[in-house]
Structures are given as structure tokens and as C-alpha cells.
Amino acid sequence: MLRTNRQGPTVASIRRAIQQGLDRPETPAFTASLASRKAPVVPDLFEQANVNFTDKKWVWVPHDKDGYVAGYVVKEETDDMVVVHLMSGRDIKVNLNETEKVNPPKFEKVEDMADLGYLNEASVVHNLKQRYASNMIYTYSGLFLVAVNPYYDLQIYGPEYVAGYRNKKRSEVPPHIFAIADAAFHDMLHSKENQSILITGESGAGKTENTKKVIQYLTAIAGDHKPVSGAAAGVSGSSLEQQVLSANPILESFGNAQTIRNNNSSRFGKFIRIEFNFAGQIAGANIEWYLLEKPRVTNQSKQERNYHIFYQFIKGADKSVRDKLLIDKGADGYNFTRKCRQTIQGVDDRAEFDTLVRAMNATGFRTDEQVDLFRIIAAILHLGNMQFQATRNDEAVLGEQVAAEKLCHVLGIQLAEFTRALLRPSIKAGRDWVTQSRTLQQVEFSVEALARSMYERMFGALVSRINTAMGRPDGKSTFIGVLDIAGFEILETNSFEQLCINYTNERLQQFFNRTMFVLEQEEYKREGIEWNFIDFGMDLQPTIDLIDRTKPIGIMSCLDEECVMPRATDKTFTEKLHGLWANRSDKYEVPRFAMGFIVKHYASHVEYSTEGWLEKNKDPLNENVTRLLGNSSEPFVAQLYADYADAEGGTDPSAHAGGAGRSRVATTLKRGAFRTVGQRHKDQLNLLMAQLNSTQPHFVRCILPNADKRAGIIDTPLVLDQLRCNGVLEGIRITRQGFPNRVPFPEFRQRYEILAPNVVPRQVFVDSKQAASMLLDALRMDRAKYRLGHTKVFFRAG
């Protein structure tokens, strides 16, 4: 039923079209476009050197700027020292053990780097560079699909490509994100198991775009495209597939922003679950979200922007809506948007707002629901424009009241109550309530914390509303989950947020290692090869324990403990950590000067600064203000802070602040049951890992080619760093521990029989396995360096 007889383009035409995609200025008919374009000609390594490969001993030599440079040995000296003639033309003396072997020409631009004869860092990055220069941005590396951002609008995702990849095996078509999506879909149909596609990478590497392509492909091949009936259709009558696709522009407006490396960077992680019925048709969808970057709401660098929605709303909303919400200035008139970039080259915020409104209409958002979301955006803008002054007693007082009056009008609260709650809040001391004056710094901190809280809660309500639109009560059988989450981060200053992100990636890398371990075991078992495997997932366990254990107490638990101590500071937390872990774990180091600590992650050593960690982990809110919001005359505002409306008890506010509202499992707690940011993140991550462990995973690693957003340029050291950080080289390391180089018996015989031409008798039949064994014996190969399987020869690395 699901297998279509529709004839797509041939594999050869797909391969040519992908290679020529960068030259395609428009979207002509598929076959006509092939005739009109020429593929770029990229000479291989040996053509560039004008040297026959077999005449020389080729090696890769490490290089600071270029990562590795190829050359050939011209002289061998004592103590493993050799003189290498580099491609650049100069000779250099190096230790042979510091070099890597170069693959023969037949491996140039190989589609799966696991097939490389010599599997090493240099060969991997060289293969990616050669393919990228030939417009081939997708390459396999064993379990991974590696995707290098082209910084071009490649025309390789249209209906013709969907048809070309549909029902094709991975080996039948060139590497592509569609091939991963199709494999997940058919694995789900065949095994009736849930699937996951994990897409990770740095900001600007292309995670969000590849996530969108996966969803595009699945909706194209598995949708019935019938209009939705009943309440789920909202006002539009859109099909479920249209609603799933329409979620993207909504999430991008509210969850994406311009960063230094990316004009449309997703500032939160998401797990999009596409649900299918027994017939393999899309039956619903659900979005879980993680690690929304809250500080961006109030603080941005000069080269970046706040979330897109602020600029889109200011420029694109109808005047009637802006008047209703008292927005009468441009982006340069509000403190939370004026201190950074206000435009993106080539992007029309007014047009983007129109796209957002159409997407919200298609997803079933009513007009009043849309205005409610914009109400929070307007309130945050007004909140940022409030002015305060300090008295002689260092008490904060409100300056001019216009912004505060606008804020209270928009939020549906009383000005006098709001200013009193903000400047002189009541706190409980034992059984009594006492009024406490606030300093200017405390009030400014409270204002920013409130703005961040309002945005996060609004974002959670937005995702919950999208889930309601895409949810279906019955008919669901299995799902494909797409995880789009920030990759490992090493910044100039690494703080609490980076630890959360890197801890997440440590857990995800462990998940990959164990998945690879299981698949390698299965391959060896199929081939009848005996080898005691190491569980490489355990390699990462000491670092994970250092971060999240409770006994002995790890970094997160230590931070939580200090957050409830009355006189704890960032300094006491840091000193306590040093006392617990310094010289007791080889994954923990004490920096020489700065206040902080160093963690040895799988990707790299990262130094974390602990300044401000207690406040970030507590994420405190002025409960006098939030109680006002919980009793607002505006229903949506009151709903966002409903957990604060009851002064005596209710649900824990942190359950809403750190989650996706109703799309999350929220724990009901009495007021005073304190939940830190770290605790919430660990809970969310445990739920995510439990979900991933119940699926059959597929892995996509996105690569940022350069920091300048320029097409066609590979910054080799930058790419190598990412290959280390996102686990591609870790996967290669695991493979190299066993027998990574595998050659089928017939190919081995054909390739190497010339080295021992008289060993295999020609007068009688000799099967290819026996012939391979005879050749290996004749060539005096060390038996410890190879194994004979049922269909292949397995060799150790090198």
C-alpha cells in the first residue's frame, strides 16, 4: 500500500544533480536543469601533484593552519625520522609516527568514509573537503550522516528528489538527509519500532534546516493530505501535514535569533515526534523543548539580535494591534532591542511577520490567541523601558511612570500594587510578613528575571498550543522523533549554560557509543569473528558521574546543595567542589587563576567560570509580582502564572518555567518545594534519554565550514574541532579498536592476487574465501592483524 510504483529520477541523474546543485540559479524542470549545468571539476590529490601514487610513500603531516598537509617520503633516517616533500613544495623532517597514511586515488570523494582503506583524521577531513568542493555536502561516516553547511540555497530538496529517494536503500543513492529520513520511515514500518533522528552541531551548522528537510520528506511520503475536520482544524481546515509544516515558522519566530555565526540560529533544543498510524500515514505530532536561551531576552551582544519575534512584531503587526498593546516606537526605542543589531541583511521582518501569521492561522490559532502572545512581547518591551533611581539610603524608586503604566495596562494589573511589589516586597519571616526595601541593583535584576520568565512561560504555552493543534486522540501506532539540539560548546567564557549543554552532549555521545557498540557486535557475530568488545559507553561514565552523581556528590548536586545554604556564595561553591573532586578524579582539574573548574569532556577540556552560578541555578522570581500576574484581569497572563495565584500552595512554578507547559510531565508540589534549573534539566534529560533508548536511532552531524558564512570555503582546523566535538572522530576511534577495514573476499582476491600470482591454482576451482586465506598466508600477514569472516576479510587499522 505504501510502496509506490511512481518512477522517480534515476540514481545517476540524482548523483549528477546533487554534484551540480550549487550552480543552479533557479528551479527548472529536473531533467532540463541537468543538461544546462556543468559539475565543478575538482582534481584529486595526485592529479594536483602530478605524481603517480604507487611511485611514492604518501603521508599526511600535521599543520597548524591547514590541519594536515599531504606529501611523500623522500628520505628515511634513523629513529623513525623521515624527510617529507609537501604539496606546498618544501621539505620537512618529521617523525613517521606523527604522520597518517594517505589513501589510494580510488578512495577520493568516497561516499562512506567507513570504507576508507586508512581510517584516520586527516583522510576524513580531506574527503569532506574534496566532496564539499564538488558541491556534495552530505557524506556518510559509518552510522553518521555528516552534513556541511553550503551557505547556498541548494536546489536538491524538491519533489523530484523526494521521488528519487523514496523506497531506495542507502547504498543505492548518494548521501542525503532524505536517505536518512527514508531509512527511518521504512525501518519503522518493517520493525514496528519507534525511530529517532539525532541532528546535532554548532550554531550555524545547519541543524534547523536539516530538521525541516526531514519533516518535509516525511509529510510528503506519509501524508494523506486531507483537510482536518472538527476542533483540531481550527479556523483554517488545514491538513495535518500542513499544520506540522506550519509549526516551523512559528517556532523560528519565537525560538530563533541572529547570532554571530548564524542569521537564523535556533536558541532552544527540540524533539519533534511525528506519529504514524498502522497504515504508515501521519496521525499526529508533538514537540518537546529544552534549554531555551532565556538571557537573550534581556541581553545580546552588539553583533547579534534578540529573538526574531520582537522585530517582526514591531515592524509587521497591524497598527490596531500595536495601538492596543501601546507599542509606538521602533526597535531602537526599546532597551531590550536597541543595544544590538536590528536588521538582518536580506531579511524583511515585515514579510516574515506575515509568514508567521499565515502559519498561525494554518495551525488553528484564533486571532485573540495571537494577540495574547503579542501581549507578552509588548509587555517585555515595556518592562525593559522602566526607569529606576537610587535614593540616598540606596533604596530604589520608580523614575518616570509612562513605561510602568503601559506595562500594567497591557498585563491587566494595578500600577500601585505592581510598584509596591517590585520596590518594597513582603517576605515571610517565620510566621510574620515583613516589608523589605530593594536596592537599585536588586530591582533591575528582578525586572530582567521577570522578563525572562514571561518569555519562557509564553514560549511553553505556545508549544503546548501547537501540540494541541497537531495532537490526535487515537490511531497512533509508532513515531519518528527528530532531535535538533545544540552541539558541544567551548566559548571564550563558559558558564552554567555551557555545562548544561555539554552534559547533554556527553549523554548523547554515550548513547551513540553504546548504539555503535551493539551494531559492531552484531556485525562480528554475523561474520563469526571472536573478539572481546569494550563497552565504549563506559568511557564517558566518569565524566557523567562527575557532573550528575548524588553520591559522591557531583557538580550539579553540589550546586543544588549550596543554593539552599543561607550564606553560600559562588566562591564557597567552587571551594567545596575543589575539596570534593580535586585530585580524586582525572576528569576534574583546578584552574591556576580563575574562579571555576575544568572538566575533561570526551570532546575537549573545558574551563568553566562559576561566577553567578547560584543565582542562575535558583533563577529567583519576585513572588509578590508573580502573585499579581496570577490574579491578572487578562486571562492569558493569569494562566501563565496560575501556579502563583494561590498564595498558600499550588504547583511548583519551576515545573512551568523549565518545561513545555502541558506538553511536559509536571510534578505538583507545595509552595516551598524548591526546584532548581539544574534539577529540572536533569529530569528533562532523563526523560529524553528514556525516549531515545526506546527507539532505533539514526545520526546526523552538521558541520560549520567556516566562521564567515561564506560558501565553498573549508576552515580545516575548525572542521576538525567539530568532528571531535560531535563524535565523528570518536566513532572512528571506536571502530579502529576492532577491525575497521573490511574487504569482501572476491574484491580482496581481485585486488591482491597480483602480489602472489602462483599461489591460487588456476586449474581447479577455489572459492574466494579459501583464495583470500591462501593469499594472506603467502604474503605472511600477521594473524593478529586480521580475521576471516563468512564474507569478508577484517583488518586492524593501518
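Please read all numbers here as calculations on a predicted model, not as lab measurements. (Residues numbered from 1 in each chain as written. Predicted model: local features only at pLDDT ≥ 70, side-chain atom pairs only at ≥ 80, totals over all residues. Heavy atoms only, no water.)

Chemist: Please clarify how the overall build of the protein chain should be interpreted in this entry.
Modeler: When you go through the protein chain residue by residue, the secondary structure sums to 30 helices and 24 strands. Here the protein chain holds 798 residues, and 54% of them are scored as buried. Entry remark: accessible area of the protein chain is about 35,700 Å², with carbon and sulfur atoms responsible for 49%. (Helix = DSSP H or I, 4+ residues; strand = E, 2+ residues; numbered from the N terminus. Buried < 20%, exposed > 50% of the residue type's maximum accessible area, 1.4 Å probe, protein only. Areas by Shrake-Rupley, 256 points an atom, 1.4 Å probe, with all protein chains shown as cover.)

Chemist: How should I be thinking about the environment of D91 in this particular structure?
Modeler: Along the polypeptide, D91 turns up in strand β4 (residues 91–95). Between the C-alpha atom of D91 and that of Y72, which follows or precedes it by 19 residues, the distance is 9.5 Å. If we ignore the near neighbours within four places in the chain, the residues touching D91 are V83, V84 and H85. Polar side-chain contacts of D91 include one of 2.7 Å to the side chain of H85. (Contact = heavy atoms within 4.5 Å. Polar contact = N/O pair within 3.5 Å; in protein donor to acceptor, adjacent residues only side chain to side chain.)

Chemist: What is the right way to read the pattern of salt bridges from this model?
Modeler: Two side chains of opposite charge can pair, provided their charged atoms sit close to one another. Within the structure shown, the criterion is met by 41 salt bridges. In this structure, K576 engages E562 in a salt bridge whose closest nitrogen and oxygen atoms are separated by 3.4 Å. With K576 in helix α20 (residues 570–581) and E562 in helix α19 (residues 555–563), this residue pair connects regions lying 14 residues apart in the sequence. Under the relative-accessibility criterion, K576 is labelled partly exposed at 28%. As a salt-bridge pair, R749 and E753 come within 3.7 Å of each other at their nearest N and O atoms. Through salt bridges with shared partners, a single network forms among R267, E293, R296 and E304. (Salt bridge = Lys/Arg side-chain N within 4 Å of Asp/Glu carboxyl O.)

Chemist: Just checking my understanding: could you explain the sheet that holds strand β20 (residues 605–609) for this structure?
Modeler: Within a sheet, each strand pairs with its neighbour through backbone hydrogen bonds, oriented either parallel or antiparallel. Strand order across the open sheet formed by three strands is β18-β19-β20, with antiparallel pairing between neighbours. This sheet does not close on itself; its edge strands, each paired only once, are β18 (588–589) and β20. Judged from the two bridges that link them, β18 and strand β19 (residues 596–600) form a sheet pairing that is antiparallel. Residue pairing across strands places E589 opposite I598, the latter belonging to β19. Against the sheet, α20 contacts β18 and β19, and its axis sits at roughly 40 degrees relative to β19. (Pairing = 2+ DSSP bridges. Axes fitted to C-alpha atoms, helices over the stretch in contact; angles between N-to-C directions.)

Chemist: Is there a simple way to explain a negative patch on the surface in this structure?
Modeler: On the surface, a cluster of negative charge is contributed by D318, D348, E352 and D354. Tracing the sequence through the fold places E352 in helix α12 (residues 349–363). The exposure class assigned to E352 is partly exposed, which follows from its relative accessible area of 35%. (Patch = residues over 30% accessible without salt bridge, like charges linked within 9 Å, V, L, I, M, F, W, Y side chains within 5 Å. Lys, Arg positive; Asp, Glu negative; His and termini not counted. Charge placed at Lys NZ, Arg CZ, Asp CG, Glu CD.)

Chemist: In this structure, what is going on with the packing of helix α4 (residues 121–133) against helix α27 (residues 716–725)? I would like to understand it.
Modeler: Pairs of packed helices are described in terms of their axes, by the angle between the two and the distance that separates them. Relative to each other, α4 and α27 sit at 115 degrees, their axes nearing to 11 Å. The chirality of how α4 crosses α27 is right-handed. Residue-level inspection shows E121, V124, V125, L128 and K129 of α4 in contact with α27, the latter providing T716, V719, L720, L723 and R724. Partitioning the contact of α4 with α27 into residue classes produces six nonpolar, one polar and three charged. (Left-handed = near helix turned anticlockwise from the far one by under 90°. Nonpolar A, V, L, I, M, F, W, Y, C, P; charged D, E, K, R; others polar.)

Chemist: What exactly am I supposed to notice about the pairing of strand β12 (residues 282–290) here?
Modeler: The side chains of a regular strand alternate, first on one face of the sheet and then on the other. Among the nine residues in β12, nine count as buried, and that is most of the element. When strand β11 (residues 269–276) meets β12, the two strands line up antiparallel, connected through eight bridges. Bridge pairing links K270 to W289 in β12. Hairpin connection, β11 to β12: the antiparallel pair is bridged by five residues, and G280 has positive phi, about 85 degrees.

Chemist: Just checking my understanding: could you explain the packing of aromatic side chains for this structure?
Modeler: Note on aromatic pairs: each is described by the distance of the centres and the angle between the planes. Counted by the stated rule, this structure contains 28 aromatic pairs. Seen in terms of ring centroids, Y307 and Y455 are 4.9 Å apart; in terms of plane orientation they differ by 15 degrees. Their pairing is stacked. With a gap of 148 residues between them, Y307 in the loop between β12 and α9 (308–316) and Y455 in helix α16 (residues 440–470) connect regions that are remote in the sequence. In this structure, Y307 and Y455 share a single accessibility class: buried. (Phe/Tyr/Trp six-rings, centres within 6.5 Å; stacked < 30°, edge-to-face > 60°.)

Chemist: Sorry, what's going on with the sheet that holds strand β2 (residues 67–76) here?
Modeler: Read from one edge to the other, the open sheet built from five strands follows the order β4-β3-β2-β1-β5, with strand pairing classed as antiparallel. At either end of the open sheet lies a strand with only one pairing partner, and these are β4 and β5 (100–101). Summarising the sheet, strand β3 (residues 81–86) and β4 pair through five bridges and their orientation is antiparallel. Across the sheet, V84 pairs through a bridge with I92, a residue of β4. On the sheet, α4 packs against β1 (58–63), β2 and β5 and is oriented at approximately 90 degrees with respect to β1.

Chemist: What is the right way to read α4 from this model?
Modeler: Think of an α-helix as turning once every 3.6 residues; residues three or four places apart then point the same way. The end-to-end C-alpha separation of α4 is 18 Å, in line with the 18 Å expected for 13 residues at 1.5 Å each. Buried residues dominate α4, accounting for ten of its 13 residues. By the burial criterion, the buried members of α4 are A122, S123, V124, V125, H126, N127, L128, Q130, R131 and Y132. One or two residues past the end of α4 sits N135, with phi positive at roughly 70 degrees. (Expected span 1.5 Å × (residues − 1).)

Chemist: Explain the pairing of strand β15 (residues 426–429) to me, please; I cannot follow it from the model alone.
Modeler: Here β15 runs beside strand β16 (residues 432–435); their pairing, made up of four bridges, is antiparallel. Bridged to S426 within β16 is T435. Hairpin connection from β15 to β16: two residues lie between these consecutive antiparallel strands, with G430 at a positive phi of about 70 degrees.

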